[in-house]
Amino acid sequence: MRAALEQARLALASGEVPVGAVVVQAGRIIGRGHNHPINRHDPSAHAEVLALRDAGAALGNYRLPGCDLYVTLEPCVMCAGAIQHARIRRVVFGAQDPKTGACGSVVNLFEDRRLAPHTAVAAGVLADESASLLRGFSPIAVVRRVNAIRVQQVEGEPCSQQLTRVCTTGLWLWRAAPAEADPRVPAPDPGESVARPAQWAAVLWCVCRPAV
Ligand SMILES: [Zn+2]
């Protein structure tokens, strides 16, 4: 699930709703995906679907029997369907989704015997971390493209870029421009002091909560 959270942070760094997923076979990650529908102009580009595609390509098989899928947010109906088609053995998810969750929050497609389910479900793993990423997300307030340099903000001081009212984290992060990004390069952790790798483009990323 920690690897799925890493993927969720990549989604956050791309200005997407922060959801991440990985597919695991015999203790090894064979597929990764982070939510990407906005930048790809693709309503199906949810983290789970992208992780399933990645795993399918890795195995050369459209079925993924014996594989488990870890995702930071309860899958939606679309993803639950894709998970069932892939014959995933078990879904482990973090936060519940009361709006579109298809593992019990709104509907439960994994308990409907008419769908011949193959997939067990486990809920609530690292739920707090998964939910707190989502709580901090605002597509309006968090992203501004600038010819940026790394800027250190002071927690509690007014935000110098006026993205938020008051800086709540005391830090800024780089993120990769979509065209240049390698999705397997993890974003730096908040507060981590890193030299900017070449693949991190000049886009400034604020992880503060939006102004209220
Ligand atoms: Zn979905």
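By convention here, each chain's residues receive numbers from 1 onward along its written sequence. Only residues with pLDDT of at least 70 get local features here, since the model is predicted, and only at 80 or more are side-chain atom pairs given and counted; chain-wide, interface and lining totals rely on the full set of residues.

## Observations concerning the overall build of the protein
So, step 1. Of the regular secondary structure elements, the protein holds 5 helices and 8 strands.
So, step 2. Helix and strand definitions follow DSSP, with helices as H or I runs of at least four residues and strands as E runs of at least two, each counted in order from the N terminus. Starting at the N terminus, the α and β elements of the protein follow one another as α-β-β-α-α-β-α-β-β-α-β-β-β.
So, step 3. Counting other C-beta atoms within 10 Å of a residue's C-beta gives its exposure: the residue is buried at 20 or more, exposed at 12 or fewer, and partly exposed in between, where C-beta atoms are placed from the backbone. Expressed as a percentage of its 212 residues, the buried residues of the protein come to 38%.
So, step 4. Restricting to contacts in the protein with at least 6 residues of sequence separation, those with at least 24 account for 55%. Any two residues are considered in contact once their C-beta atoms, placed from the backbone, lie within 7 Å.

## Digging into the confidence of the model for the protein
So, step 1. Scored between 0 and 100, pLDDT is the confidence that the predictor attaches to each residue. When the pLDDT values of the protein are averaged, the result is 76; 66% of them are 70 or greater.
So, step 2. Note on residues 139-150: pLDDT is under 50 here. Beyond four places in sequence and across chains, it has 23 contacts.

## Examining the pairing of strand β1 (residues 20-25)
So, step 1. The buried count for β1 comes to 5 of 6 residues, which makes it a mostly enclosed element.
So, step 2. A pair of strands counts as paired when DSSP detects no fewer than two bridges linking them. As judged from the 6 bridges shared by β1 and strand β2 (residues 28-34), these two strands associate in the antiparallel manner. Residue Val24 lies in a different strand from β2, and its bridge partner there is Ile29.
So, step 3. From the end of β1 to the start of β2, which pair antiparallel, there are 2 residues, and Ala26 there has a positive phi angle of about 50°.
So, step 4. Pairing of β1 with strand β3 (residues 67-73), which is carried by 5 bridges, proceeds in the antiparallel orientation. When the bridges of β3 are listed, Val23 appears paired with Leu69.

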